[in-house]
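Take a look at the letters that make up each chain.
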Amino acid sequence: MIDINYGDYTLFQYLIIAFTLFPIEIIHSWLIVMIYLVITLIILGTLSKLFERRHPCYKEKNHVTTVPWLRTSLAILSTAMLFVILLVKDSSVEFLTCYALIAAPHVISAYFSIPRRSHF
């Protein structure tokens, strides 16, 4: 079964984080990057927790996957792709490429989940 609402919520959550962390690619001072990263993650984490408290159907613990092997196989595939990119490409890998390869298994497996009956 496909849960469009939870999958879209997870996708938008990762997209918002990616767009807010995009200036890390531009800023070169590590002190400013760390301060920006901490402040951004605290704000986004707080907003996410407040939204999930108000709408418990979007909490990750309230969902069960319908395809149990999907997240593991996608994580292995994205890790292998990251190693291939690191071996083939001479320069360093971009932050957003790594972020997309890490986020993809979680977002795709979020679409293949169902809500637990006991919480609703």
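Up top you'll find the structure we're talking about.
Residues numbered from 1 in each chain as written. Predicted model: local features only at pLDDT ≥ 70, side-chain atom pairs only at ≥ 80, totals over all residues. Heavy atoms only, no water.

Draft legend 1. Expanded view of the packing of aromatic side chains. Taken as a whole and assessed by the stated rule, the structure comprises four aromatic pairs. Relative to Tyr58, the ring of Tyr9 lies with its centre 5.0 Å away and its plane at 40 degrees, an arrangement referred to as tilted. In this pair, Tyr9 is assigned in helix 1 (residues 4–20) and Tyr58 in the loop between helix 2 (30–54) and strand 1 (63–65), connecting sequence segments 49 residues apart. Residue Tyr9 is classed as buried on the basis of its relative accessible area, which comes to 15%. An aromatic cluster is present here, built from Tyr9, Phe51 and Tyr58 joined pairwise through their rings. (Phe/Tyr/Trp six-rings, centres within 6.5 Å; stacked < 30°, edge-to-face > 60°. Helix = DSSP H or I, 4+ residues; strand = E, 2+ residues; numbered from the N terminus. Buried < 20%, exposed > 50% of the residue type's maximum accessible area, 1.4 Å probe, protein only.)

Draft legend 2. How the structure looks around the nonpolar core. Counting residues in each nonpolar core, the largest one holds seven residues, listed as Ile17, Ala18, Leu21, Ile24, Val33, Leu44 and Tyr99. Looking at this core, the elements with two or more residues in it are helix 1 and helix 2. The residues touching Tyr99, leaving out its near neighbours within four places in the chain, are Tyr14, Ile17 and Ala18. (Core = buried A, V, L, I, M, F, W, Y, C linked by side-chain atoms within 4.5 Å. Contact = heavy atoms within 4.5 Å.)

Draft legend 3. The pattern of salt bridges, seen in detail. Summed over all chains, the structure comprises one salt bridge. Residue Glu60 is joined to Arg71 by a salt bridge in which the shortest nitrogen-to-oxygen separation is 3.6 Å. Residue Glu60 is found in the loop between helix 2 and strand 1, and its partner Arg71 is found in helix 3 (residues 70–88); the two are separated by eleven residues along the sequence. (Salt bridge = Lys/Arg side-chain N within 4 Å of Asp/Glu carboxyl O.)

Draft legend 4. Representation of the packing of helix 1 against helix 4 (residues 95–111). Here helix 1 crosses helix 4 at 165 degrees, and the two axes come no closer than 8 Å. Comparing their axes, helix 4 and helix 1 come out roughly antiparallel. The two elements helix 1 and helix 4 meet at a crossing, and its hand is right-handed. Contact with helix 1, carried on its side by Ile4, Tyr6, Gly7, Asp8, Thr10, Leu11, Tyr14, Ile17 and Ala18, involves Leu96, Tyr99, Ala103, His106, Val107, Ala110 and Tyr111 of helix 4 and no other residues of that element. Partitioning the contact of helix 1 with helix 4 into residue classes produces twelve nonpolar, three polar and one charged. (Axes fitted to C-alpha atoms, helices over the stretch in contact; angles between N-to-C directions. Parallel < 35°, antiparallel > 145°, perpendicular 65-115°, else oblique. Left-handed = near helix turned anticlockwise from the far one by under 90°. Nonpolar A, V, L, I, M, F, W, Y, C, P; charged D, E, K, R; others polar.)

Draft legend 5. Here's a closer look at the environment of Tyr9. It is 19 Å that separates the C-alpha atoms of Tyr9 and Thr40, two residues lying 31 residues apart in sequence. Apart from residues no more than four positions distant in its own chain, Tyr9 is found in contact with Ser48, Phe51, Glu52 and Tyr58.

Draft legend 6. Main features of the packing of helix 1 against helix 2. Packing of helix 1 against helix 2 leaves a shortest axis separation of 11 Å and a crossing angle of 160 degrees. Taken together, the axes of helix 1 and helix 2 are roughly antiparallel relative to one another. For helix 1 against helix 2, the interelement crossing comes out right-handed. Across the interface between the two elements, Tyr9, Gln13, Ile16, Ile17 and Thr20 of helix 1 pack against Tyr36, Thr40, Leu44, Ser48, Phe51 and Glu52 of helix 2. Residues belonging to the contact of helix 1 with helix 2 are distributed by class as follows: six nonpolar, four polar and one charged.

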